[in-house]
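Here's the letter readout for the chains.
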2 protein chains.
Amino acid sequence: MKNKIKVLRAEHNMTQAELAIKVQVSRQTINAIEKGKFDPSLPLAFKISRLFKLPIESIFFDR
Amino acid sequence: MKNKIKVLRAEHNMTQAELAIKVQVSRQTINAIEKGKFDPSLPLAFKISRLFKLPIESIFFDR
DNA sequence: ATTTTATGTAAAGTTTTATTTACACAAATA
DNA sequence: TATTTGTGTAAATAAAACTTTACATAAAAT
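Please read all numbers here as calculations on a predicted model, not as lab measurements.

(A) Structural context of helix α2 (residues 16–23) of chain A. Residues and elements named next belong to chain A. Looking at α2, one finds that the buried residues are Gln16, Leu19, Ala20 and Val23. Buried residues of α2, seen end-on, are gathered within an arc of 105° and therefore sit on one face of the element. Pointing more than 90 degrees away from the buried face of α2 are the exposed residues Ile21 and Lys22. Structurally, α2 contributes buried residues whose contacts are with α1 (5–11), α3 (27–34) and α4 (42–51).

Pasting the structure below:
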């Protein structure tokens, strides 16, 4: 599953570490998700979605 | 995290077993998610969302 | 030129999600 | 009444998400 987190971070001038703190995970977790190493849990996807004020479907792509 | 899967199943006249087959998980996984024992993975949430043709946010509720 | 900041990555370990097998029970049906 | 169907649940296990610690590197700032 791909995602637009890196772009959204750039648009919001936010580092991986800053985003990690805001959604309460480790920086490595954000990095891994951005790099496609694994998918976020549903609750984490919701947190990211709310932070950027965008629907989950417009941030994460299943296909 | 709560969800409306049981209601959506009812509306679509679908058993837990049928839904399980359609989204390719075990019946017990569907039951556990309906009963709130755990949250689905993001890919599974997407599958359910596509099946019922509804946004993830209208099926799953973080708060 | 040196230090700081941001990112990438790796290994070991914990927690959460999902599977498999199995059984109990109620309601519908034969 | 006996059987089938749908649901709830449990224990053992596997797989995936996430943490922690740690190190490497490139770019930006001092």
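From this point, the narrative continues.
(B) Seen up close, the UniProt feature "domain: HTH cro/C1-type" (unreviewed entry) in chain A. In this structure's numbering, the residues bearing the UniProt feature "domain: HTH cro/C1-type" (unreviewed entry) are residues 5–59 of chain A. In residues 5–59 of chain A, helix accounts for 67% and strand for 0%; the two terminal C-alpha atoms are 7 Å from one another.

(C) Main features of the interface of chain B and chain A. On the chain A side, the residues contacting the 15 residues of chain B number 15 residues. Buried surface at the junction of chain B and chain A, both sides included, amounts to about 1,400 Å², of which 63% is carbon and sulfur. Ranking the residues of chain B by area buried against chain A places B:Leu42, B:Phe46 and B:Glu57 at the top, with a combined share of 41%. On the surface where chain B and chain A come into contact, there are 2 salt bridges.

(D) Spatial organisation of helix α3 (residues 27–34) of chain B. Of all the residues in α3(B), the buried ones are B:Thr29, B:Ile30, B:Ala32, B:Ile33 and B:Glu34. In the stretch just after α3(B), B:Gly36 is the one whose phi turns positive, near 75°.

(E) Local environment of the relation of the copies chain B and chain A. The transform that puts chain B on chain A rotates by 180° and translates by 0.0 Å along the axis, for an RMSD of 0.0 Å. Here the two chains are linked by the operation of a two-fold rotation axis. It is B:Leu42 whose C-alpha, among those of chain B, lies nearest the rotation axis, at 2.5 Å. Interface residue correspondence from chain B to chain A reaches 100%, placing this contact among same-surface, isologous pairings.

(F) Structural view of the pattern of salt bridges. Under the counting rule described, the total for this entry stands at 4 salt bridges over all chains. A salt bridge links A:Asp62 to B:Arg50; the shortest N-O distance between them is 3.0 Å. With one member in each of two chains, A:Asp62 in the segment after β2 (60–61) and B:Arg50 in helix α4 (residues 42–51) form a pair that bridges those chains. Looking at B:Arg50, the relative accessible area reads 30%, which means it is partly exposed. Notably, a salt bridge pairs B:Arg9 with B:Glu34, separated by 2.6 Å at the nearest N-O pair. Taken as a pair, B:Arg9 in helix α1 (residues 5–11) and B:Glu34 in helix α3 lie far apart in primary sequence, 25 residues in all.

(G) Broad picture of the environment of B:Glu57. As for its placement among the helices and strands, B:Glu57 is situated in the loop between α4 and β2 (60–61). Distance in space between the C-alpha atoms of B:Glu57 and B:Ala45 is 9.9 Å, their sequence separation being 12 residues. Of note is the side chain of B:Glu57, whose polar atom sits 2.7 Å from the backbone nitrogen of A:Ile56.

(H) View of the protein's contact with DNA strand D. In the vicinity of DNA strand D lie 21 residues, with A:Ser26, A:Gln28, A:Thr29, A:Phe38 and A:Ser41 positioned nearest. In DNA strand D, the atoms that sit within 4 Å of the protein are 60% sugar and phosphate, with bases accounting for the remainder. Note that a phosphate oxygen of DNA strand D is positioned 2.7 Å from one of the side-chain N or O atoms of A:Ser41. For the surface near DNA strand D, the secondary structure elements donating two or more residues are α3 of chain A together with α1 and α3 of chain B. It is α3(A) that contributes the most residues to the surface near DNA strand D, 4 residues altogether. When grouped by side-chain class, the residues that make up the surface near DNA strand D number 5 nonpolar, 9 polar and 7 charged.

About the thresholds
Residues numbered from 1 in each chain as written. Chains lettered and ligands numbered in written order. Predicted model: local features only at pLDDT ≥ 70, side-chain atom pairs only at ≥ 80, totals over all residues. Heavy atoms only, no water. Buried < 20%, exposed > 50% of the residue type's maximum accessible area, 1.4 Å probe, protein only. Helix = DSSP H or I, 4+ residues; strand = E, 2+ residues; numbered from the N terminus. Arc of directions from axis to C-beta. Contact = heavy atoms within 4.5 Å. UniProt positions renumbered as here; feature names shortened; annotations may be inferred. Buried area = accessible area lost by both parts, 1.4 Å probe. Salt bridge = Lys/Arg side-chain N within 4 Å of Asp/Glu carboxyl O. Least-squares fit on C-alpha atoms with pLDDT ≥ 70 in both. Polar contact = N/O pair within 3.5 Å; in protein donor to acceptor, adjacent residues only side chain to side chain. Near = heavy atom within 4 Å. Nonpolar A, V, L, I, M, F, W, Y, C, P; charged D, E, K, R; others polar.

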